[in-house]
Amino acid sequence: MTAPVLDVSGLRVDVGGRRVVDGLDLVLRAGEATALVGRSGSGKSLTARALTGLLPEGAARSGAARFTSWDGTAADLLSLPPGRMRALRGPGIGHAFQEAQASLNPTVTVGAHLKEALKAHGAERSRRRARGLAALRGAGLEDPERLWRAYPFELSGGQAQRVALALACVLEPRLLIADEVTSALDPLTQAAVLDVLRARTGAGGSLLLITHDLAVAARWADRVAVLDRGRIAEAGPADEVLRSPRHPFTRELVRAAAPGGRDGTRPAPSGPAAGAPAAVASRAAGGAR
Ligand SMILES: Nc1ncnc2c1ncn2[C@@H]1O[C@H](COP(=O)(O)OP(=O)(O)OP(=O)(O)O)[C@@H](O)[C@H]1O
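Each chain has its residues counted from 1, running along the sequence as written. With the structure being a predicted model, the display of local features is reserved for residues of pLDDT at least 70 and the display and counting of side-chain atom pairs for 80 or more, all residues being used for whole-chain, interface and lining totals. Each side-chain value is worked out from all heavy atoms of the structure, with water and hydrogens disregarded.

The name that an unreviewed UniProt entry assigns to the protein chain is ABC transporter ATP-binding protein, with the source organism given as Nocardiopsis suaedae. Per UniProt, the protein chain has the following entry under Subcellular location (unreviewed entry): "Cell membrane". Its UniProt record gives the protein chain a comment under Sequence similarities (unreviewed entry), which states: "Belongs to the ABC transporter superfamily." UniProt positions are given in the numbering used here, feature names are shortened, and annotations may be inferred rather than shown by experiment.

What follows is the structure in structure tokens.
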């Protein structure tokens, strides 16, 4: 088993006087992709935001989240001063959101976004453009030279999503948190982008993939953690959790995502793979990831 990159224990988040994450424990390891799944409103995004210090105003968090950087230094994300957290975002933790357009500055070109991120973290000036273009290419964008000069409003939704991903990846973070970043993409682009995200784990990075889609979790994640009302109901190897769920909530989730749906009439979820159990079976049989 590889070393933990992030060890979260007893994470609590309160927002608007309501506890929405309630004692969450989660370990993310080097070289592994973990899918955080759960129904809408279960607290997935606020978990990610609590970890990267991007909670909405008025929200409060407690607990511990020990993060280990590339150089082996460890820090508790929940007690880091804002300046150190800002320094860690980028080379330590990349966070890409579902609302890509909203995360881009409308008055600044794509290239300037990337150059600014690289400059802020001390990247060599002469290498910034090449690194930025490589990140755009890495996020599956064609013609990065043209996109370099584009403003966010000139991008399609899918292009904006991939630019936001390139921004989250350009500093080669130890941990990449991808929050529903592929749900608006067509199946072919979705698969290409997920392959790119997955590749982040190759060099000892860690990936937290927040998704509704169990087929995505089955195909691209090593581990699955199931969130139910702010708590981890069940966590383990993806094929075990999705093939033989132990917790009643996971069983319900897997049944609802299976071809035919819970009541036998619902269609299979959209995505590159069919229902989760089929995707798990294909992986178990050596199918493509
Ligand atoms: N800014 C906010 N102010 C008040 N409540 C919020 C805010 N953001 C989220 N919440 C509430 O916190 C709970 C968890 O929200 P969160 O966005 O983490 O869910 P989620 O699992 O990511 O959902 P989805 O899959 O729909 O994105 C929900 O009940 C939501 O209504």
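### Examining the sheet that holds strand β8 (residues 206–210)
A pair of strands is considered paired only if DSSP assigns at least 2 bridges between the two. Helix numbers and strand numbers start at the N terminus; a helix is a DSSP run of H or I with at least 4 residues, a strand a run of E with at least 2. Pairing in this open sheet of six strands is mixed, and the strands run β6-β7-β8-β3-β9-β10 from one edge to the other. Edge strands, defined here as strands with exactly one partner in the open sheet, are β6 (93–96) and β10 (231–237). Neighbour-to-neighbour, the strand axes of the sheet open up by a mean angle of 15°, direction not taken into account. The pairing of strand β9 (residues 223–228) with β10 spans six bridges and is classified as antiparallel. Bridge pairing links V226 to E234 in β10. This element, helix α8 (residues 187–199), spans β3 (33–37), β7 (175–179) and β8 of the sheet and lies at about 145° to β8. Contact between two residues is taken to exist if any of their heavy atoms lie within 4.5 Å; hydrogens are not considered. Helix axes are fitted to C-alpha atoms over the stretch in contact, other axes to C-alpha atoms as well, and angles between N-to-C directions run from 0 to 180 degrees. Where helix α11 (residues 248–257) meets the sheet, it contacts β3, β9 and β10, and its direction lies at approximately 105° from that of β9.

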